[in-house]
Amino acid sequence: MSGGGASAAEGRIVAAFGRSYRVELADGSTVECSTRGKRSDAACGDYVHIQRSGGNSGVIDAILPRKTLLYRSDAYKQKLIAANVTQVVIVVAAMPSFYEDLVNRCLAACEHGGITPLIVLNKTDLPQSEAAWALLATHRALGYRVLRLSAKQDIAPLIPLLEKQTSVLVGQSGMGKSTLVNRLVPDASVRVAETSVALDSGKHTTTGAVLHHINDHSDLIDSPGLQVFGLHHINVEDTAQAFIEFRPRLGQCRFRDCTHRVEPGCAIDDGCKAGHIAASRLASYRGLVEEAVRSRARRYD
Ligand SMILES: Nc1nc2c(ncn2[C@@H]2O[C@H](COP(=O)(O)OP(=O)(O)OP(=O)(O)O)[C@@H](O)[C@H]2O)c(=O)[nH]1
Ligand SMILES: [Mg+2]
Ligand SMILES: [Zn+2]
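J.: If you had to explain the overall build of the protein to someone new, which residues and values would you point to?
T.: Assigned secondary structure in the protein consists of 8 helices and 13 strands. Relative to a compact globule of 301 residues, whose C-alpha radius of gyration would be 19 Å, the protein shows 21 Å and is just as compact. On the principal axes, the C-alpha backbone points of the protein span a range of 65 × 50 × 35 Å. Every one of the 301 residues in the protein was classed for burial, and the buried ones make up 49%. Counting only contacts in the protein whose residues sit at least 6 apart along the sequence, the fraction spanning at least 24 positions is 65%. Of the roughly 14,600 Å² of accessible surface on the protein, a fraction of 51% belongs to carbon and sulfur atoms. Each charge sign in the protein was given a centre, from 35 positive and 31 negative side chains, and these centres are 3 Å apart.

Printed below as a string of structure tokens:
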């Protein structure tokens, strides 16, 4: 089944729609692939072994070891976003309004996965953007890189930051991820929401993850809009570590196994009361831990 054979090949997943994958081979040609059985643990960006089954189709046999994996999870399963990325670009905008909690959760996933995050506030041509920029003061103070631009007007500030990276764009629906891709990769022609999304929560225009080549050494993955970002697979300790400003205080709580939720003598809670940790960040941490604890309880019922 494996190795040798004229029909075996190695390539990279450049599009993932449900359990259908497009695999790009070294010569630039692509093969439409499925996975064996119900297997669905392949992600856009994965390097894979395939068996060609004639024509333009094939089956994914094996996923090669990953350098990184960005994923989220709920009580039941992991939802892979992209593999082997070096950078996560979290795209937000004033319209539709973004949830700071989702940004915090994306940042925690990046920290846990060892992937550099970059926050982009898009649509600065809209007057509401000043308030949105102010909301990101917490993240700027933590040392996260935050860029503001208008995909409709000028994407130049983003270009050098994508150079020599495999970046994945993530964020809520309607933030302008696909619009950015179209500006950065002129032959991409990705579908974007036709009418400007203002008061609704976005239209979920993108339905799968697609990798685009910006140039020979820079790739950009577009992904579908997110509404929720659970991290049920991360334990309490690692979740706390994923909030970078908690790190210097960890180990200083009264109880060694403090979960920083309700325990007395909590150094994280004290740090928040003293104004050193933003209440919104602590709330995101607690939300993540509550969800994970609830889902573990449900699994072991
Ligand atoms: N005013 C303004 N509108 C923008 C800008 N960038 C994108 N938009 C609009 O925002 C809407 C949503 O853009 P998309 O690129 O489809 O958003 P998306 O993040 O890919 O959304 P999903 O695919 O649903 O996740 C479209 O109507 C775009 O024209 C911008 O810089 N300024
Ligand atoms: Mg899109
Ligand atoms: Zn504590």
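J.: Could you give an account of helix α1 (residues 100-113), naming the residues involved and the relevant values?
T.: In this model, α1 (14 residues) spans 20 Å end to end at C-alpha, consistent with the 20 Å of a helix rising 1.5 Å per residue. With 10 of 14 residues buried, α1 is to be regarded as a mostly interior element. What α1 keeps buried is the set Glu-100, Leu-102, Val-103, Asn-104, Arg-105, Cys-106, Leu-107, Ala-108, Ala-109 and Cys-110. The positive-phi residue at the C-terminal boundary of α1 is Gly-114, with phi of around 65 degrees.

J.: Go over the site of ligand 1, please, and point to the residues and values.
T.: Neighbouring residues of ligand 1: 25 residues in total, closest Asp-125, Ser-173, Lys-177, Thr-179 and Thr-206. At 2.8 Å from an oxygen atom of ligand 1 is found a side-chain nitrogen or oxygen belonging to Lys-177. At 2.6 Å from an oxygen atom of ligand 1 is found a side-chain nitrogen or oxygen belonging to Thr-179. Out of a free accessible area of 660 Å², ligand 1 has 96% covered by protein chains.

J.: Go over the coordination of the magnesium ion (ligand 2) with me, naming the residues and quoting the values.
T.: Each pair of donors in an ideal four-coordinate tetrahedral metal site encloses 109.5 degrees, whereas pairs in an ideal six-coordinate octahedral site enclose 90 or 180 degrees. The protein atoms that coordinate the magnesium ion (ligand 2) are Ser-178 (OG) and Thr-206 (OG1), at distances spanning 2.0 to 2.1 Å. Pair noted here: Ser-178 is in helix α5 (residues 177-184) and Thr-206 is in the loop between α5 and β12 (209-215), with a separation of 28 residues, a long-range link. Judged by relative accessible area, Thr-206 falls into the buried class, the value being 17%.

J.: I'd like a rundown of the pattern of salt bridges, residues and numbers included.
T.: All told, the structure shown has 13 salt bridges when counted by the stated rule. A salt bridge links Glu-130 to Arg-148, with the shortest nitrogen-to-oxygen separation between them at 3.5 Å. Of this pair, Glu-130 sits in helix α2 (residues 129-135) while Arg-148 sits in strand β10 (residues 146-148), and the two are 18 residues apart along the sequence. Where salt bridges share partners, they join Asp-101, Arg-105 and Glu-291 into one cluster.

J.: Can you lay out the coordination of the zinc ion (ligand 3) for me, pointing to particular residues and giving the numbers?
T.: Around the zinc ion (ligand 3), the protein supplies Cys-253 (SG), Cys-258 (SG), His-260 (ND1) and Cys-266 (SG) as donor atoms, at distances of 2.1 to 2.4 Å. Classification of the site at the zinc ion (ligand 3) rests on its 4 donor atoms, whose angles at the metal span 102 to 116 degrees, yielding the label tetrahedral. For the zinc ion (ligand 3), the single-chain donor residues occur in sequence as C-x4-C-x1-H-x5-C. An identical accessibility class is assigned to Cys-258 and Cys-266; each is buried.

J.: Can you lay out the environment of Met-95 for me, pointing to particular residues and giving the numbers?
T.: The topology assignment puts Met-95 in the loop between β8 (87-93) and α1. Given a relative accessible area of 21%, Met-95 falls into the partly exposed group. Spatially, the C-alpha atoms of Met-95 and Ala-132 are 9.2 Å apart, while their sequence positions differ by 37 residues.

Definitions and limits used
Residues numbered from 1 in each chain as written. Chains lettered and ligands numbered in written order. Predicted model: local features only at pLDDT ≥ 70, side-chain atom pairs only at ≥ 80, totals over all residues. Heavy atoms only, no water. Helix = DSSP H or I, 4+ residues; strand = E, 2+ residues; numbered from the N terminus. Rg over C-alpha atoms; globule rule 2.2 N^0.38 Å. Buried < 20%, exposed > 50% of the residue type's maximum accessible area, 1.4 Å probe, protein only. Contact = heavy atoms within 4.5 Å. Areas by Shrake-Rupley, 256 points an atom, 1.4 Å probe, with all protein chains shown as cover. Lys, Arg positive; Asp, Glu negative; His and termini not counted. Charge placed at Lys NZ, Arg CZ, Asp CG, Glu CD. Expected span 1.5 Å × (residues − 1). Near = heavy atom within 4 Å. Polar contact = N/O pair within 3.5 Å; in protein donor to acceptor, adjacent residues only side chain to side chain. Donors = N, O, S within 2.8 Å, 3.2 Å for Na, K, Ca; no water. Salt bridge = Lys/Arg side-chain N within 4 Å of Asp/Glu carboxyl O. Tetrahedral: all angles 85-135°; square planar, octahedral: opposite > 155°, others 65-115°.

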